[in-house]
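# Commentary on secondary and tertiary structure
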Amino acid sequence: MTKLTIVANIIAKEDKIDLVKTELLKLIDVTRAEEGCINYDLHQDNENPAHFLFFENWTSRELWQQHMGNQHLADYMAATEGCVEQFTINEMTQIA
C-alpha cells in the first residue's frame, strides 16, 4: 500500500483571514484522530498571511477520501463559504 501525500493550498480573502484560520484550526484534532491519518499539519505563509497550506499524509487514498466526506469538512465549507479566494489540492506520491 502506497502512502498518499496531500498538499492543500487555501488562499483566504484579505478581510476573512482570521475567520478562515479559526475554521481551519478546528479541523486539526478531529482529523488527526481519523483512521489512516499519519499527519495533518497546517502552515501559514510568513509573507502572505492569507495563504494557508495543509501538508497531510494518509495510509491510503480510500481513507483520505473518507476524510473528505466527513461532517467536519462540510461544516468548514459552510462556515467559510465566500471567504476563500483560491483552493487547490495536489495528491502526491513520495518518490525519494
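Up top is the structure.
Below: a short report on this structure. Values in this document were obtained by computation on a predicted structure and should not be read as measured data.

Definitions and cut-offs
Residues numbered from 1 in each chain as written. Predicted model: local features only at pLDDT ≥ 70, side-chain atom pairs only at ≥ 80, totals over all residues. Heavy atoms only, no water. Pairing = 2+ DSSP bridges. Helix = DSSP H or I, 4+ residues; strand = E, 2+ residues; numbered from the N terminus. Axes fitted to C-alpha atoms, helices over the stretch in contact; angles between N-to-C directions. Buried < 20%, exposed > 50% of the residue type's maximum accessible area, 1.4 Å probe, protein only. Lys, Arg positive; Asp, Glu negative; His and termini not counted. Salt bridge = Lys/Arg side-chain N within 4 Å of Asp/Glu carboxyl O. Polar contact = N/O pair within 3.5 Å; in protein donor to acceptor, adjacent residues only side chain to side chain. Core = buried A, V, L, I, M, F, W, Y, C linked by side-chain atoms within 4.5 Å. Contact = heavy atoms within 4.5 Å. Expected span 1.5 Å × (residues − 1). 1 Å grid on protein atoms, 1.4 Å probe; cavity = no way out; pocket = protein on both sides within 12 Å on 5 of 7 lines; lining within 4 Å. Points joined across faces, edges and corners; volume = space filled by probe spheres on them. Nonpolar A, V, L, I, M, F, W, Y, C, P; charged D, E, K, R; others polar. Patch = residues over 30% accessible without salt bridge, like charges linked within 9 Å, V, L, I, M, F, W, Y side chains within 5 Å. Areas by Shrake-Rupley, 256 points an atom, 1.4 Å probe, with all protein chains shown as cover. Arc of directions from axis to C-beta.

### Some words on the sheet that holds strand β1 (residues 4-12)
To summarise the sheet geometry, strands pair through backbone hydrogen bonds and adopt either a parallel or an antiparallel arrangement. Strand order across the open sheet formed by four strands is β2-β3-β1-β4, with antiparallel pairing between neighbours. Bordering the open sheet on either side are β2 (37-44) and β4 (84-92), each of which pairs with just one other strand. Averaged over all pairs of adjacent strands, the angle between their axes in this sheet comes to 10°, without regard to strand direction. As defined by bridge partners, β2 adjoins strand β3 (residues 51-58) across seven bridges and the pair is classed as antiparallel.

### Quick notes on the side chain of E56
Topologically, E56 is positioned in strand β3. Buried charge without a salt bridge: E56, with R32 as the nearest opposite-charge side chain at an N-O distance of 10 Å. Engagement of the side chain of E56 in a polar contact is seen with the side chain of W58, the distance being 2.9 Å.

### Points about the nonpolar core
Residues I10, V20, L24, L27, Y40, F52 and F54 are the most contacted members of the largest nonpolar core, which totals 20 residues. Of all the elements in the fold, those that place two or more residues in this core are β1, α1 (17-32), β2, β3 and α3 (71-79). The contacts of L27, once residues within four sequence positions are left out, are Y40, F54, H72, L73 and Y76.

### Brief notes about α1
Taking 1.5 Å per residue as the helical rise, α1 with its 16 residues ought to reach 22 Å, and the 23 Å between its terminal C-alpha atoms agrees with that figure. Looking at the packing, one finds that the buried side of α1 touches β1, β2, β3, α2 (61-68), α3 and β4.

### Examining the layout of surface pockets
Space inside the largest pocket adds up to approximately 190 Å³. Every residue lining the largest pocket is counted, 16 residues in all, and those nearest its centre are M68, L73, Y76, F87 and I89. Looking at the lining of the largest pocket residue by residue, the classes come out as 14 nonpolar, one polar and one charged.

### Looking at the environment of V30
You can see V30 is positioned in helix α1. Looking at V30, the relative accessible area reads 37%, which means it is partly exposed.

### Observations concerning a nonpolar patch on the surface
There is a patch of nonpolar side chains on the surface, built from M68, F87 and I89 and spanning about 250 Å² of accessible area. Note that M68 resides in helix α2.

### Considerations on α2
Count 3.6 residues to each turn of an α-helix, and residues three or four apart come out pointing the same way. Burial in α2 covers these residues: L63, W64 and H67. All buried residues of α2 fall inside an arc of 105° around its axis, so they share one side. Opposite the buried face of α2, at more than 90 degrees from it, the exposed residues are E62 and Q66. The elements touched by buried residues of α2 are β1, α1, β2, β3, α3 and β4.

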